[in-house]
Amino acid sequence: MTRMSLPAPTLHAARLRLRPFDDADANDLFVLHSSPHVLRYWDAPPWNELARAERFITACRQMADEGTGARLAVDRVCDGAFIGWCSLTRWNPDYRSASLGYCFDDAVWGRGYATEAARVLLEWAFDTLDLNRVQAETDTRNAASARVLEKLGFVREGTLREDCVVNGEVSDSWVFGLIKREWRPPSEPVSAR
């Protein structure tokens, strides 16, 4: 498989800025990932130590250096607040594919931020990385996340039965796929630098 570094971009949307993580994000990231409510449908239990956030940020840099993906912090433009993150992981340049993921603070749920952030990242994925396919998975009980993916044009392709066991709770996941030829980019231009 062809590998090259994948410098994490800074991307801009109407209300959001997506940027590489830095060490100063550790506290905000820990608050996000230590919330049982935010991680209700996550595939891992909430964090209980700040060192997890530091390792996450290190892993983001390593992912970029190894060329396997890009995980970006998401800030609200109006006040600069960190509200979550959005990522493309498992980037495979030979297959021109990657996986989309995101996690947002529950205080901003239902405001379209996840859709806006993912849309900007997908535009970068299809235009700059020339991806053909992006895949995403969500817990079958997480209707809000499924709606985000459907708004972005993803098609539900199947169910992974009992694929996660977190804190003793077994759950199924839906697999969604988005193909480049079916992608409808946002009407507003996206800038990357």
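Residues numbered from 1 in each chain as written. Predicted model: local features only at pLDDT ≥ 70, side-chain atom pairs only at ≥ 80, totals over all residues. Heavy atoms only, no water.

Things to note about the overall build of the chain
For the chain, the count of helices and strands is four helices and nine strands. Its helices and strands taken in sequence order, the chain reads β-β-α-α-β-β-β-α-β-α-β-β-β from the N to the C terminus. Relative to its length of 193 residues, the chain is compact, with a C-alpha radius of gyration of 16 Å against a globular reference of 16 Å. Along the first, second and third principal axes, the C-alpha atoms of the chain reach 40 × 40 × 35 Å. Buried positions account for 46% of the 193 residues belonging to the chain. (Helix = DSSP H or I, 4+ residues; strand = E, 2+ residues; numbered from the N terminus. Rg over C-alpha atoms; globule rule 2.2 N^0.38 Å. Buried < 20%, exposed > 50% of the residue type's maximum accessible area, 1.4 Å probe, protein only.)

Section: the confidence of the model for the chain
Residues with a pLDDT of 70 or more make up 94% of the chain, whose mean pLDDT is 91. Of the regions scoring below 50 in pLDDT, residues 188–193 engages in 13 contacts with residues more than four places distant in sequence or in other chains. (pLDDT = per-residue confidence, 0-100. Contact = heavy atoms within 4.5 Å.)

Concerning the nonpolar core
Among the nonpolar cores identified, the biggest contains 40 residues, and Leu-18, Cys-86, Leu-100, Phe-104, Leu-121 and Phe-154 are the most heavily contacted of them. Put simply, the parts of the chain that give this core at least two residues each are strand 2 (16–20), strand 3 (70–76), strand 4 (82–92), strand 5 (97–104), helix 3 (113–127), strand 6 (133–139), helix 4 (143–151) and strand 8 (169–179). Of the residues forming this core, the biggest block, ten residues, is contributed by helix 3. Those residues in contact with Phe-154 that sit more than four places away from it in its chain are Leu-100, Leu-122, Val-134, Gln-135, Ala-136, Leu-149, Phe-176, Gly-177 and Leu-178. Among the nonpolar cores identified, the runner-up in size contains 15 residues, and Phe-21, Val-38, Cys-60 and Trp-85 belong to it. (Core = buried A, V, L, I, M, F, W, Y, C linked by side-chain atoms within 4.5 Å.)

Topic: the packing of helix 1 (residues 26–33) against helix 2 (residues 50–66)
For the pair helix 1 and helix 2, the least separation of the axes is 8 Å and the interaxial angle reads 115°. The angle between helix 1 and helix 2 places the two elements in the roughly perpendicular class. You can see that helix 1 and helix 2 cross each other, and the crossing is right-handed. For the pair formed by helix 1 and helix 2, the contact residues are Ala-26, Asn-27, Leu-29, Phe-30 and His-33 on the first element and Leu-50, Ala-53, Glu-54, Phe-56 and Ile-57 on the second. (Axes fitted to C-alpha atoms, helices over the stretch in contact; angles between N-to-C directions. Parallel < 35°, antiparallel > 145°, perpendicular 65-115°, else oblique. Left-handed = near helix turned anticlockwise from the far one by under 90°.)

Regarding the pairing of strand 5
Taking burial as the measure, the eight residues of strand 5 include eight buried ones, the bulk of the element. Going residue by residue along strand 5, you find Ser-97, Ser-99, Gly-101 and Cys-103 tucked away on one face and Ala-98, Leu-100, Tyr-102 and Phe-104 tucked away on the opposite face as well. Inspection of the sheet shows strand 4 paired to strand 5 by seven bridges, in the antiparallel sense. What sits directly across from Trp-85, in strand 5, is Cys-103. Counted between consecutive antiparallel strands, the loop separating strand 4 from strand 5 contains four residues, among which Arg-96 sits at a positive phi close to 55°. Pairing analysis gives three bridges linking strand 5 to strand 6, with the strands arranged parallel. Looking at strand 6, one finds that Ser-97 is bridged to Arg-133. (Pairing = 2+ DSSP bridges.)

Let's talk about helix 4
Listed in full, the buried residues belonging to helix 4 are Ser-145, Ala-146, Val-148 and Leu-149. One face of helix 4 carries all of its buried residues, which in axial projection span an arc of 155°. Against strand 5, helix 3, strand 6 and strand 8 lie the buried residues of helix 4. Once helix 4 ends, the next one or two residues include Gly-153, with phi positive near 100°. (Arc of directions from axis to C-beta.)

Quick notes on the side chain of Asp-139
Mapped onto the elements of the fold, Asp-139 is located in strand 6. At a separation of 2.7 Å, a polar atom in the side chain of Asp-139 contacts the side chain of Arg-141. When neighbours within four sequence positions are excluded, Asp-139 is seen to be in contact with Tyr-41, Ser-171, Asp-172 and Ser-173. (Polar contact = N/O pair within 3.5 Å; in protein donor to acceptor, adjacent residues only side chain to side chain.)

Side note on the state of the cysteines
If you walk through the whole model with that rule in mind, you get zero disulfides. Between Cys-60, a free cysteine, and Cys-86, which holds the nearest cysteine sulfur, the sulfur-to-sulfur gap is 12 Å. Among the residues examined, Cys-60 registers a relative accessible area of 7% and is labelled buried. Counting only cysteine sulfurs, Cys-103 is the nearest neighbor of Cys-164, a cysteine outside any disulfide, at a range of 14 Å. (Disulfide = S-S within 2.5 Å.)

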